[in-house]
Amino acid sequence: MKLELRSRIYSLVTTLLTPLVLFRLASRGIKTKAYLQRWHERFGWFKAPKFKQHSIWVHAVSVGEVNAAIPLIKALMKKYEGHSFVLTTITPTGSDRVQQIFGDQVFHVYLPYDLPGAVKRFLRKTKPDLAVIMETEIWPNLFRFCKKRNIPIVVANARLSEVSMKGYRWVESLAAKAFNDTAYVAAQTVTDAKRMIKLGCKPEKIFVVGSLKFDIIIDQHIIEKGKEIREHYQNSRLVWIAASTHQADENEVLDAYVVLKQRHPKLMLVIVPRHPERFQSTTQACRNKGFNTQLRSEIGLCDINGDVFVVDTMGEMLEFYASSDIAFVGGSIANIGGHNVLEAAVFSLPVLVGANTHNFSEITQLLNDCGGSHTVHDANDIIRSMEYLIGNEEARIEMGKAARKLVEQNRGAVELTMNLIESAMEQKPLNAELTAKHFPKINP
């Protein structure tokens with residue numbers, strides 16, 4: 001079947017599935033009202049920004065991708081200060097994070113659905129000179145129309161898990177075409193690059209630059225806010241944070257905390273649920289265990305009688321990492337694929353993480369190998385690791401140092417990605433010396 005025909009069939013199927021996508025949005029809107037808003041943006045209907053010049057467009061799906069993109073976006077703003085900037089997300093939480101970090105420095109809308117009309121409207125209104133797509137958001141129509149408009153695409157911080165690769169199989173030829181419509185793909189690891197080549201991407205387009213997540217920027221105000229939060233607690237309290245949690249994570253964490261709290265009365269648990277629609281259910285689960293559970297939205301900071309403190313606000317996880325002693329990173333006992341362990345590691349925290357980390361397998365393995373983390377499978381594992389860390393301050397410090405050192409030793413992906421972007425923007429070949437020194441060749 002010819003590629004053009006497949007593109008038409010893909011567009012038709014995408015159009016037919018749109019009502020189901022909208023139904024899913026409406027369903028999520030029952031718990032999170034923001035999902036019921038701004039639907040017109042998802043079809044490319046929004047008031048065109050009054051840019052004095054063309055823009056640079058960065059797409060990041062949700063909070064995690066926005067956080068990873070922050071150092072790259074700041075580097076782009078410094079390098080291309082004459083351009084306007086467009087940031088797109090898919091989720092309301094991602095949108096909130098963009099507004100929190102960049103405010104009116106950028107023009108933000110939701111990414112349009114991959115429908116020809118919606119994509120054309122979006123590109124016509126935003127007029128990008130460059131598209132930077134975070135992670136591996138492969139949308140055949142979006143990439144195809146960028147190519148037709150001579151808009152270079154750089155896929156930054158690209159990763160492709162085994163699970164995701166299987167998901168592209170039904171549109172494999174279109175995914176391969178989308179990859180090859182890019183100027184460059186900046187892959188996180190050699191493994192990611194080989195999977196993309198297997199999917200059909202030309203090897204000469206892919207460069208391994210490492211993960212942008214190692215280039216995480218911690219602003220001074222976050223550090224200061226963490227100190228303020230910490231000073232609010234009694235000095236004798238040990239603070240354990242469970243961050244980016246899902247229900248299955250919380251089930252094991254709370255079961256472990258029942259035992260740990262009895263043995264260590266001054267141990268305090270801070271829970272930061274991954275999704276706002278779960279704030280209420282998380283709080284109820286804590287109270288069902290008999291814990292004095294307090295909420296960020298109600299009392300500001302936990303008082304002396306609090307057992308569990310639920311951070312039921314958005315965009316404050318880093319501040320609470322900065323005020324903690326030990327971290328558990330969620331999405332890893334839950335079969336989600338894990339979340340970013342480096343957000344804890346950068347604060348020199350010893351990290352507990354589950355075994356389901358296929359979204360961050362290489363990074364999680366590196367953290368484990370350097371001695372910065374323990375792998376836990378259930379409440380019993382958590383109890384064992386926590387008992388060890390609670391009773392051994394020196395071990396906590398050494399694990400935290402190892403975690404922080406890993407972050408520092410692997411920085412540099414922003415600089416390498418910027419080299420690819422400059423080449424794409426200026427339509428010039430990559431520096432041969434730089435390429436030979438920093439970009440390993442990929443043998444499929």
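Presented here is a report on the structure given in the accompanying data block.

Conventions adopted
Residues numbered from 1 in each chain as written. Predicted model: local features only at pLDDT ≥ 70, side-chain atom pairs only at ≥ 80, totals over all residues. Heavy atoms only, no water. Buried < 20%, exposed > 50% of the residue type's maximum accessible area, 1.4 Å probe, protein only. Helix = DSSP H or I, 4+ residues; strand = E, 2+ residues; numbered from the N terminus. Contact = heavy atoms within 4.5 Å. Salt bridge = Lys/Arg side-chain N within 4 Å of Asp/Glu carboxyl O. Pairing = 2+ DSSP bridges.

Along helix α3 (residues 92-102), the residues classified as buried are Pro-92, Thr-93, Gly-94, Ser-95, Arg-97, Val-98 and Phe-102. On its buried side, α3 packs onto α2 (63-79), β2 (84-89), β3 (107-110) and α13 (317-322). Two residues or fewer past α3, Gly-103 is found with a positive phi of approximately 55°.

All right, on to the pattern of salt bridges then. Across all of its chains, the model carries 18 salt bridges by this definition. Glu-135 is the partner of Lys-213 in a salt bridge, and the nearest nitrogen-oxygen pair spans 2.9 Å. Here Glu-135 lies in the loop between β4 (128-134) and α5 (140-148) and Lys-213 lies in the loop between β7 (206-208) and α9 (220-232), a separation of 78 residues in the sequence. One connected set of salt bridges, linked through shared partners, spans Glu-135, Arg-159 and Lys-213.

What follows deals with the pairing of β4. Within a regular strand, side chains alternate between the sheet's two faces. The buried fraction of β4 is high, at six of seven residues. Alignment of strand β1 (residues 55-59) against β4, held across five bridges, turns out to be parallel. Of the residues in β4, the one forming a bridge with Ile-56 is Leu-130. The sheet contact formed by β4 and strand β5 (residues 153-158) spans four bridges and is parallel.

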